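Reading the structure
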Amino acid sequence: MSKLGVLRGPRQVVFGAGQRHALGTLTAALGSRALVCTDPRFGATEEFAELVGLLERAGVAVTVFAEVLPDVPVHQVTRCAELARTAAPDVVIGMGGGSCLDLAKAAAVILTHGGEPADYYGESRVPGPVIPVVALPTTAGTGSEVTPVAVLTDPQRVSKVGISSPHLIPHTAVCDPELTVGCPPALTASAGADALSHGIEAFTAVRRPVTTELVTERVFVGKNELTDSFALMAVRLIAGSLQRAWSDPSDMGARESMMLGATAGGFALGTAGTAAAHAIQYPVGALTHTPHGIGVGVLLPYVMEFNRPVRVRELATVALAMGASAEASDEDLADQAIDRVAALLASVGIPATLADLVLPADRLRWTAEQAMGAARLIANNPRPLDVDALEQIVRAAYTGDRAALRETLPGSASPDLTTTAGTR
Ligand code: NAD
């Protein structure tokens, strides 16, 4: 099999404690009128005022939109773009969690190309480059600072929607782990579970046949040589630091590893894509109003179990990245990977089942049907999925019966047209 490597990302990523202080000069190199998008929490902090001061001292005029709500209701994108239009920003800065970064990315699309966010839902519908975006994450989770997608909530749709295009990748990401120190344990856990799932879902994603069209036809191309190394970097760093960051929020070493791991996870997901855990989380989130990272974290071990028959070697590699001994067989290591992920998530308070999230028992089939609608994510899963298979995952995740997924299910053959297993 010939190898394929695809990686897309920002023009520059600056990582390190204190690096937020470079924001002024980094932004001044891109423009002189900045729209800053943040949420009411961060917008009220001294840290935020200091960053705005840095921008102004660097000669950048600042317009602030400090209203971003979690999960970004779509009307906020339109409102933000309308409020900012008279200031004619030539650079957009997102500061905050994934919601703030996603709003900044979507606002940059509207400010550049006009129209409504719905005009750009789906893949590759953004017609060209957008105003440069600078992203400063304050959670270690989504990886949005390096990804080509903005996730929004549209009341017209049951599940969340995405605008996906390489044009949405921020120009510059400034990843300063000091900004995450204020994350309370529950947020550290949900964001960390999200980041871990990015690494694992990207590393175990479908491997597509190598064609010269693949990279232009798809935003998310599936598992490949370049995203694999970022995915494993994410798994290794998060496995080694999530519990420490959760139990001691001021542990800077853990915060550094978490942020580096989350950004690495963003590189992996941003080009390879994610799969079933993310597809099922969308309807779960819509029904239970639980954070994205919690739902993905609950689902991850069950999805790994379902995918295990076609991803033994990859799961064994995940176990090694999490610290397992190489003495064991791949089959044994694959089991260890699932057990280790479940134990790590439990250790930071992620519930074990969808019943714990109070998913209504009579909506399990519905959840599977809605997940099927996330066609891009379903197609990115390494083991083929139909509604019945999704329902079995949902049922197992509801009752906590991972062993039920060991039974033969239809469609256990991998859709990969190649047979080479992942690097170990
Ligand atoms: P968030 O941005 O939704 O914020 C959640 C809450 O945490 C908010 O109240 C916020 O004020 C608070 N918060 C943020 N940083 C904090 C800090 N340092 N200290 C204390 N509180 C803080 O949370 P998130 O998990 O970062 O982002 C979730 C969103 O990102 C979802 O909409 C999800 O779908 C999306 N997402 C996007 C991508 C992508 O690539 N674009 C990937 C995964 C998820």
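Residues numbered from 1 in each chain as written. Predicted model: local features only at pLDDT ≥ 70, side-chain atom pairs only at ≥ 80, totals over all residues. Heavy atoms only, no water.

Examining the overall build of the protein
Along the protein, the regular secondary structure elements total 16 helices and nine strands. Against the globule reference of 22 Å for 424 residues, the protein gives a C-alpha radius of gyration of 20 Å, in line with a compact fold. Considering only C-alpha atoms, the protein reaches an extent of 60 × 45 × 45 Å along its principal axes. A fraction of 79% describes how many contacts in the protein between residues 6 or more apart in sequence connect residues 24 or more apart. One finds the centroid of the 32 positive side-chain charges in the protein at a distance of 4 Å from the centroid of its 43 negative side-chain charges. (Helix = DSSP H or I, 4+ residues; strand = E, 2+ residues; numbered from the N terminus. Rg over C-alpha atoms; globule rule 2.2 N^0.38 Å. Contact = heavy atoms within 4.5 Å. Lys, Arg positive; Asp, Glu negative; His and termini not counted. Charge placed at Lys NZ, Arg CZ, Asp CG, Glu CD.)

Observations concerning the pairing of strand 6 (residues 133-137)
Of all five residues making up strand 6, five are buried, and the element is well covered by its neighbours. Because side chains alternate across strand 6, one face comprises the buried residues Val133, Ala135 and Pro137, and the other comprises Val134 and Leu136, equally buried. Across two bridges, strand 6 lies against strand 9 (residues 172-175) in parallel orientation. Across the sheet, the residue bridging to Val134 is Thr172, located in strand 9. (Buried < 20%, exposed > 50% of the residue type's maximum accessible area, 1.4 Å probe, protein only. Pairing = 2+ DSSP bridges.)

Quick word on the domain arrangement of the protein
Here the protein is partitioned into domain 1 (12-180) and domain 2 (185-406). With 28 residues of domain 1 in contact, the opposing surface of domain 2 contributes 27 residues. Interface of domain 1 and domain 2: buried area, both sides summed, is about 2200 Å²; carbon and sulfur atoms make up 70% of it. Here Glu123 ties to Arg376 by a salt bridge, and the two come within 3.7 Å at their closest N and O atoms. On the surface where domain 1 and domain 2 come into contact, there are two residue pairs in polar contact (both at pLDDT 80 or more). Taken together, the elements giving at least two residues each to the side of domain 1 that touches domain 2 come down to strand 1 (12-15) and strand 7 (149-152). Residues that form the side of domain 1 that touches domain 2 fall into these classes: 13 nonpolar, ten polar and five charged. (Domains from an automatic or database assignment. Buried area = accessible area lost by both parts, 1.4 Å probe. Salt bridge = Lys/Arg side-chain N within 4 Å of Asp/Glu carboxyl O. Polar contact = N/O pair within 3.5 Å; in protein donor to acceptor, adjacent residues only side chain to side chain. Nonpolar A, V, L, I, M, F, W, Y, C, P; charged D, E, K, R; others polar.)

What to know about the sheet that holds strand 4 (residues 91-96)
Within the open sheet, the six strands sit side by side as 1-9-6-4-2-3. Their pairing is parallel. For this open sheet the edge positions go to strand 1 and strand 3 (61-65), each flanked by a neighbour on one side alone. Here the average twist between neighbouring strands, direction ignored, is 15°. Examined bridge by bridge, strand 2 (residues 33-37) and strand 3 share five bridges and lie parallel to one another. (Axes fitted to C-alpha atoms, helices over the stretch in contact; angles between N-to-C directions.)

Side note on the site of the ligand
Residues in close proximity to the ligand total 25 residues, the closest being Asp39, Gly98, Ser99, Thr139 and Thr147. Note that a nitrogen atom of the ligand is positioned 2.8 Å from one of the side-chain N or O atoms of Thr138. Between Gly182 and the ligand, the recorded distance is 3.3 Å, taken from a backbone N or O atom to a nitrogen atom. Burial of the ligand by the surrounding chains reaches 87%, relative to a free accessible area of 870 Å². Mapped onto the shell around the ligand, the elements with two or more residues apiece are helix 5 (98-113), strand 7 and helix 6 (185-203). Of all the elements, helix 5 adds the most residues to the shell around the ligand, at four residues. Here the residues of the shell around the ligand sort into seven nonpolar, eleven polar and seven charged. Here the shell around the ligand spans two domains, since at least three of its residues come from each of domain 1 (12-180) and domain 2 (185-406). (Near = heavy atom within 4 Å. Areas by Shrake-Rupley, 256 points an atom, 1.4 Å probe, with all protein chains shown as cover.)

Comments concerning the packing of helix 10 (residues 276-288) against helix 14 (residues 364-372)
Put simply, helix 10 and helix 14 touch, their axes get as near as 8 Å, and they point 125° apart. As far as their axial angle goes, helix 14 and helix 10 are oblique. The handedness of the crossing between helix 10 and helix 14 is right-handed. Within the contact between the two elements, helix 10 uses Ala279, Ile280, Pro283, Val284 and Leu287 and helix 14 uses Trp366, Thr367, Gln370 and Ala371. Looking at the contact of helix 10 with helix 14 residue by residue, the classes come out as seven nonpolar, two polar and no charged. (Parallel < 35°, antiparallel > 145°, perpendicular 65-115°, else oblique. Left-handed = near helix turned anticlockwise from the far one by under 90°.)

Quick word on unusual backbone geometry
With glycine set apart, most residues show a phi of negative sign, and most peptide bonds adopt trans. Here Val72, not a glycine, exhibits a phi torsion of approximately 45°, which is positive. Along the chain, Val72 turns up in the loop between strand 3 and helix 4 (74-85). On the basis of relative accessible area, Val72 is assigned to the buried category, the value being 1%. Of note in the backbone geometry, Val358 takes a positive phi value of approximately 60° without being a glycine. Position of Val358 among the secondary structure elements: in the loop between helix 13 (330-347) and helix 14. By relative accessible area, Val358 is classed as exposed at 63%.

Quick look at the environment of Cys175
In this fold, Cys175 is placed in strand 9. Considering only alpha carbons, one finds Cys175 and Ser2, 173 residues apart in sequence, at a separation of 35 Å. Among all residues touching Cys175, those that are not within four sequence positions of it are Val13, Val14, Phe15, Gly16, Pro137, Glu145, Met259 and Thr263.

Remarks on the sheet that holds strand 5 (residues 122-123)
The strand order across the open sheet built from three strands is 5-8-7, with neighbouring strands paired in mixed fashion. The open sheet is flanked by strand 5 and strand 7, the only strands paired with a single partner. With two bridges connecting them, strand 5 and strand 8 (residues 161-164) associate as parallel partners. Bridge assignment links Glu123 to a residue of strand 8, and that residue is Ser164.

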